[in-house]
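Inside the fold
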Amino acid sequence: MSVRKKKLINQRETILRDMLQGLASAYPEVVRLTDDGLIVRAQPKAAGKVGLVIGNGSGHEPAMIGLVGEGLFDVNIPGEIFTAPGPDRIVAGIKAAERGAGVLLCVSHHAGDLMNAEMALELCQLEGLDNVEMVVLYDDISSAPKGSESERRGTAGLFFVWKMLGAYAETGASLAECKRMAERIRDNTRTLAVALTSCASPITGAAMFEMPDDEMEIGMGVHGEVGLGRHKLLSADATIDLMLPRLLEDLPINAGDEVLVLLNNSGSMTLMELYILHRRVAERLAQAGVRRYKSWIGPYATTQEMAGFALSLCRVDAELKRLWDAPCNGAFLKGV
Amino acid sequence: MSVRKKKLINQRETILRDMLQGLASAYPEVVRLTDDGLIVRAQPKAAGKVGLVIGNGSGHEPAMIGLVGEGLFDVNIPGEIFTAPGPDRIVAGIKAAERGAGVLLCVSHHAGDLMNAEMALELCQLEGLDNVEMVVLYDDISSAPKGSESERRGTAGLFFVWKMLGAYAETGASLAECKRMAERIRDNTRTLAVALTSCASPITGAAMFEMPDDEMEIGMGVHGEVGLGRHKLLSADATIDLMLPRLLEDLPINAGDEVLVLLNNSGSMTLMELYILHRRVAERLAQAGVRRYKSWIGPYATTQEMAGFALSLCRVDAELKRLWDAPCNGAFLKGV
Amino acid sequence: MTDSMNGADFAALIQALNAAMAAAKAELNALDSALGDGDHGEALAAAFAEADEKARALDKPTPTSVLQVTAQALLNRMGGASGALYGTLFLRMSSAFKDRDDVTCSDWSAALDAGLAGVQARGKASPGDKTMVDALAPAVDAFKAGADLAAGFAAARAAAAAGAAQTERMVAKFGRAKFAGERAIGHVDAGARSMALVFETLDEYWKGREHGET
Amino acid sequence: MTDSMNGADFAALIQALNAAMAAAKAELNALDSALGDGDHGEALAAAFAEADEKARALDKPTPTSVLQVTAQALLNRMGGASGALYGTLFLRMSSAFKDRDDVTCSDWSAALDAGLAGVQARGKASPGDKTMVDALAPAVDAFKAGADLAAGFAAARAAAAAGAAQTERMVAKFGRAKFAGERAIGHVDAGARSMALVFETLDEYWKGREHGET
Ligand SMILES: Nc1ncnc2c1ncn2[C@@H]1O[C@H](COP(=O)(O)OP(=O)(O)O)[C@@H](O)[C@H]1O
Ligand SMILES: Nc1ncnc2c1ncn2[C@@H]1O[C@H](COP(=O)(O)OP(=O)(O)O)[C@@H](O)[C@H]1O
Ligand SMILES: [Mg+2]
Ligand SMILES: [Mg+2]
Ligand SMILES: [Mg+2]
Ligand SMILES: [Mg+2]
């Protein structure tokens with residue numbers, strides 16, 4: 001199956017600039033685009049609260065430019081398509097997020113993001129910016145076995161971290177507390193993804209990978225990296241029946257526990273399909289005695305127009321539920 | 001270019017049922033699925049307020065099942081894929097929406113929707129349900145020329161009606177007032193759409209239409225109906241430059257007026273592209289002296305995984321702006 | 001054999017229509033997808049399957065009751081514009097046959113008139129607009145020229161088929177196809193084709209019945 | 001001619017690398033897309049274009065300043081993992097050449113050691129992990145066996161090319177390719193190939209310079 005080669009852009013050299021200007025033009029009450037290409041809150045967070053920053057390759061919209069705003073991130077450093085931003089830009093982002101209580105640099109675990117974040121932290125130290133912490137986040141159970149969690153990739157499930165950490169930082173929690181909270185949500189989150197089709201890179205114009213018409217890939221990365229393996233195309237219910245037990249097995253979960261559910265659209269899945277998939281998720285969770293607190297179904301971290309989805313679970317307690325329900329206002333996320 | 005034949009469903013006969021059950025399983029605090037297949041608010045509207053109902057063919061999710069909730073619709077009657085529900089089901093929906101102040105049956109102008117709505121109203125009269133009004137809504141400037149507005153189709157721009165009418169009904173406005181408000185928003189709304197690719201019908205499994213790799217269709221209907229004509233693929237800016245003047249010419253608008261902007265994703269457009277498109281919309285509106293009040297960028301009425309978008313403008317005054325900003329809580333729409 | 005149809009005939013006719021629509025599903029879908037959304041065959045097949053089931057379940061089928069359950073299935077199972085129109089056709093015919101256990105040639109003539117009037121009132125289409133009316137209207141006229149049911153059905157079948165074929169050269173004024181403008185030329189209208197199939201099936205049924213096949 | 005390189009040499013080398021990367025863009029993209037995201041050539045070409053522009057703009061280029069602007073371009077223009085790694089390589093070499101206007105064979109040897117150490121500290125990859133280190137590490141070793149710059153560069157070029165070719169048989173332990181597991185076998189690593197190209201360009205540049213071409 002061929003991918004969509006037609007994209008409505010101007011030129012590939014200006015994709016990032018045009019996109020950021022477009023976002024800023026649409027939501028001036030929520031975000032502002034700075035001269036050095038950062039997306040920052042239109043109304044900065046109150047002084048004395050921890051600033052939250054993340055850098056990432058672009059091409060995964062609404063992640064993360066759509067998640068800057070009240071109750072979410074203070075600053076996003078969008079890199080070129082699928083490319084983590086370099087250390088200088090990360091340092092600029094950290095400075096822009098400082099409100100007097102320190103800055104937490106969030107890193108979705110990918111080699112490029114991590115290396116550049118580490119270099120940025122070294123630069124911060126050289127500059128005497130020492131109230132900066134880094135937290136490395138991951139959730140994808142297909143990228144490393146249980147026991148090697150810290151080698152796993154950061155994928156769609158980090159949505160839970162962003163949303164709840166954003167709410168937590170608004171409460172005035174300290175930098176150390178924010179970092180612990182991010183780790184705690186991460187440690188209670190697991191994700192597994194599938195892909196039905198490839199997509200075209202907006203840079204090369206070519207398909208990111210090849211995918212036969214009657215197969216699906218289990219454990220696909222957010223950049224179209226090959227995953228755990230190929231399966232003959234399954235029905236919606238059979239797909240969930242294959243995915244959910246793996247997540248429940250990997251997550252430290254017991255009957256009676258409560259979870260948040262995310263069905264992340266990696267691009268061109270229809271809501272029709274996602275609702276059909278959720279039906280089985282709800283059914284299977286109930287059978288396993290796991291209570292579903294709330295669900296979020298839609299695109300958050302995409303890989304262009306790839307057809308696929310990620311299923312994420314996050315175990316929550318009363319405190320996390322409060323954070324989940326707290327208000328937020330990003331260009332893409334208004335409450336949940 | 002071939003379409004995505006792989007869909008994650010169970011069987012095509014149960015698509016509607018599975019999807020509705022899935023929606024209800026995910027958002028029990030927002031909506032409930034009745035035994036006769038209606039989507040209704042989990043918490044019914046306060047007694048003494050006008051009930052808002054709409055029926056429509058499915059396959060366009062989140063429309064309209066995702067727009068039932070506080071500040072939105074009271075009842076949605078989802079038909080089979082791309083097929084308006086029959087009169088008996090519409091009557092059931094009207095009954096479910098009655099809260100003592102009458103019911104406004106909203107009809108997005110398509111032949112099937114209108115005929116079935118008319119038959120339903122005849123049945124209501126036979127049953128003595130006489131506090132029911134119907135309002136027929138349209139916005140697509142490509143489907144009939146200026147002067148023949150009432151022959152136009154209802155497409156993405158009706159989003160403005162749903163959102164603001166929903167807020168208006170919550171204020172306790174009368175049935176006649178609600179109908180007038182719906183007409184007023186309609187008369188200030190215009191839409192034009194483009195499509196880059198076809199999509200597969202979930203029922204037949206076949207492409208809904210054929211589309212060459214280097215062309216785009218202007219004025220595409222929400223069911224993939226052929227539109228005004230084919231163009232060689234344009235850049236993002238050139239596409240807007242072609243669409244926006246037509247909308248501004250058709251809409252009764254003057255320099256200094258304020259508009260809401262909708263960029264509706266018809267399926268698999270990326271947000272990257274939509275933001276790039278919005279950049280030009282904002283630029284061109286500013287040049288035309290038209291003020292942009294707020295924008296909504298994302299999927300609302302889709303045609304499966306078709307790649308395309310609709311651009312809609314709605315001229316607003318102070319009252320409509322208040323309605324736009326009023327809270328709402330549908331499965332798919334939390335505030336705007 | 002008298003020149004009239006009873007409830008059992010109508011139930012058998014619906015059964016035949018169910019089989020005919022199931023067989024023509026792909027063809028009708030293909031016609032509809034050229035200009036519409038490609039579901040016409042699917043929708044008709046599902047509706048006639050339900051109509052057949054409901055007609056079989058009738059305790060003592062009459063022309064009216066069989067056509068009424070068929071109309072219900074078309075309206076509420078088929079849905080859409082064509083569900084409303086086909087449903088109206090069958091509903092009006094059902095009413096026209098009211099209180100008759102056996103319906104004759106002149107009953108049929110009156111019922112077809114009522115049905116056509118209903119379809120046109122509902123859908124506003126005239127002959128030449130590239131809709132099912134282009135098959136239905138000439139069939140109704142042709143039927144009246146027939147001396148008995150057999151002659152009427154045969155004439156109606158031929159007229160409906162000819163009318164459907166002519167839609168190939170028309171620009172659509174109604175239905176989803178209307179948005180195609182000139183591009184509609186070269187495609188037979190799906191609803192006109194299915195309407196021709198209804199009359200073909202009716203004629204075949206009656207021929208079979210006359211030759212003692214049912 | 002002395003056996004050393006000055007600032008002008010380094011500026012000319014970056015110009016040659018710019019041309020080489022532009023020419024190899026499609027090849028490197030294709031290698032990267034087999035297992036990664038297909039942008040390696042694009043990113044390197046953009047970064048060396050910017051490095052070339054910045055190096056030309058230098059008032060009085062020194063080995064250190066040319067390599068430093070190159071590192072900046074790689075880090076901040078290229079971004080990603082390979083930007084950080086390539087940037088670290090050039091940054092460490094830039095520091096190692098500090099205060100030297102002309103760098104000799106032994107300066108090169110020390111700088112390559114520092115660069116390799118930086119890349120391995122940053123990326124944690126060892127030879128055999130199917131990364132750019134599989135080209136860089138043998139090149140650094142081979143360079144040291146050379147008697148002069150010409151011999152060192154020629155040996156490094158050959159070793160880097162051989163190292164890159166060997167990645168075809170490896171399973172990746174780092175980068176996006178690592179998630180491919182056994183499926184990585186049969187594909188040359190994009191970063192190893194681009195690193196081999198760096199040494200090839202260096203060797204070509206020096207050969208041309210010795211023969212009076214620049
Ligand atoms: N206003 C109308 N009057 C008569 N027939 C109509 C009208 N609108 C549509 N039709 C018929 O309905 C057919 C399409 O039926 P179908 O595909 O089942 O409905 P839909 O267009 O809702 O998918 C058309 O081919 C045409 O014959
Ligand atoms: N940890 C690492 N150590 C050394 N080299 C690495 C490492 N990770 C990735 N690479 C190199 O980077 C190359 C990919 O570069 P590139 O495509 O530019 O980056 P990205 O993977 O971010 O798109 C790989 O082919 C590999 O040689
Ligand atoms: Mg990359
Ligand atoms: Mg239809
Ligand atoms: Mg149809
Ligand atoms: Mg790459």
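Residues numbered from 1 in each chain as written. Chains lettered and ligands numbered in written order. Predicted model: local features only at pLDDT ≥ 70, side-chain atom pairs only at ≥ 80, totals over all residues. Heavy atoms only, no water.

Each partner contributes residues to the interface: chain B has 63 residues there, and chain A has 63 residues. Carbon and sulfur atoms make up 63% of the area that chain B and chain A hide from each other, which totals about 5,200 Å². The interface formed by chain B and chain A holds 4 salt bridges in total. Where Arg4 of chain A meets Glu273 of chain B, a salt bridge forms, and the shortest distance between an N and an O atom there is 2.8 Å. For the pair chain B and chain A, the interface holds 26 residue pairs in polar contact (both at pLDDT 80 or more). Along the lines of polarity and charge, the residues of the side of chain B that touches chain A split into 33 nonpolar, 13 polar and 17 charged. (Contact = heavy atoms within 4.5 Å. Buried area = accessible area lost by both parts, 1.4 Å probe. Salt bridge = Lys/Arg side-chain N within 4 Å of Asp/Glu carboxyl O. Polar contact = N/O pair within 3.5 Å; in protein donor to acceptor, adjacent residues only side chain to side chain. Nonpolar A, V, L, I, M, F, W, Y, C, P; charged D, E, K, R; others polar.)

What follows is about the relation of the copies chain B and chain A. After a rotation of 180° and a shift along the axis of 0.0 Å, chain B superposes on chain A with an RMSD of 0.0 Å. The superposition operator between the copies reduces to a two-fold rotation axis. Within chain B, the C-alpha atom positioned nearest to the axis of rotation is that of Ser268 of chain B, 2.2 Å from it. Looking at chain B, 100% of its interface residues are interface residues in chain A too, so the copies touch through the same face. (Least-squares fit on C-alpha atoms with pLDDT ≥ 70 in both.)

Time to look at the environment of Pro87 of chain A. Mapped onto the secondary structure, Pro87 of chain A falls in helix H2 (residues 87–97). With a relative accessible area of 2%, Pro87 of chain A lands in the buried category. Placed 24 residues apart in sequence, Pro87 of chain A and Ala111 of chain A show a C-alpha to C-alpha distance of 14 Å. Those residues in contact with Pro87 of chain A that lie beyond four places of it in its chain are Asn116, Met119, Ala120 and Leu123 of chain A together with Leu75 and Asn76 of chain D. (Helix = DSSP H or I, 4+ residues; strand = E, 2+ residues; numbered from the N terminus. Buried < 20%, exposed > 50% of the residue type's maximum accessible area, 1.4 Å probe, protein only.)

In this section: the pairing of strand E6 (residues 103–108) of chain B. Residue and element names in this part refer to chain B. Counting buried residues in E6 gives 6 out of 6 residues, a clear majority hidden from the surface. The alternating pattern of E6 places Val103, Leu105 and Val107 on one face and Leu104, Cys106 and Ser108 on the opposite face, and all of these are buried. The pairing of strand E3 (residues 51–58) with E6 spans 4 bridges and is classified as parallel. Note on E6: the bridge partner recorded for Ile54 is Cys106. One ladder, built from 6 bridges, connects E6 with strand E7 (residues 132–137); its direction is parallel. Looking across to E7, one finds that Ser108 is bridged to Leu137. Each parallel crossover has a hand, and for E6 linked through helix H3 (residues 111–126) to E7 it is right-handed. (Pairing = 2+ DSSP bridges. Right-handed = clockwise from strand over helix to strand, strands pointing away.)

Here the focus is the pattern of salt bridges. Inspection of every chain in the model, using the stated rule, returns 86 salt bridges over all chains. Close ionic contact of Arg184 of chain A with Asp317 of chain A constitutes a salt bridge, the shortest N to O distance being 2.5 Å. Note that Arg184 of chain A is positioned in helix H5 (residues 175–187) and Asp317 of chain A in the loop between strand E13 (308–316) and helix H8 (318–325), a separation of 133 residues in sequence. Arg77 of chain D is paired through a salt bridge with Glu50 of chain D; the nearest N and O atoms lie 3.6 Å apart. Separated by 27 residues along the polypeptide, Arg77 of chain D in helix H3 (residues 63–78) and Glu50 of chain D in helix H2 (residues 40–56) bring together distant segments of the chain. According to the relative accessible area criterion, Glu50 of chain D is partly exposed, its value standing at 22%. Each of Arg17 and Asp18 of chain A together with Asp237, Asp241, Arg279, Arg280, Glu283 and Arg284 of chain B takes part in one network of salt bridges that share partners.

Honestly, that's just the spatial picture; any functional story needs more than this.
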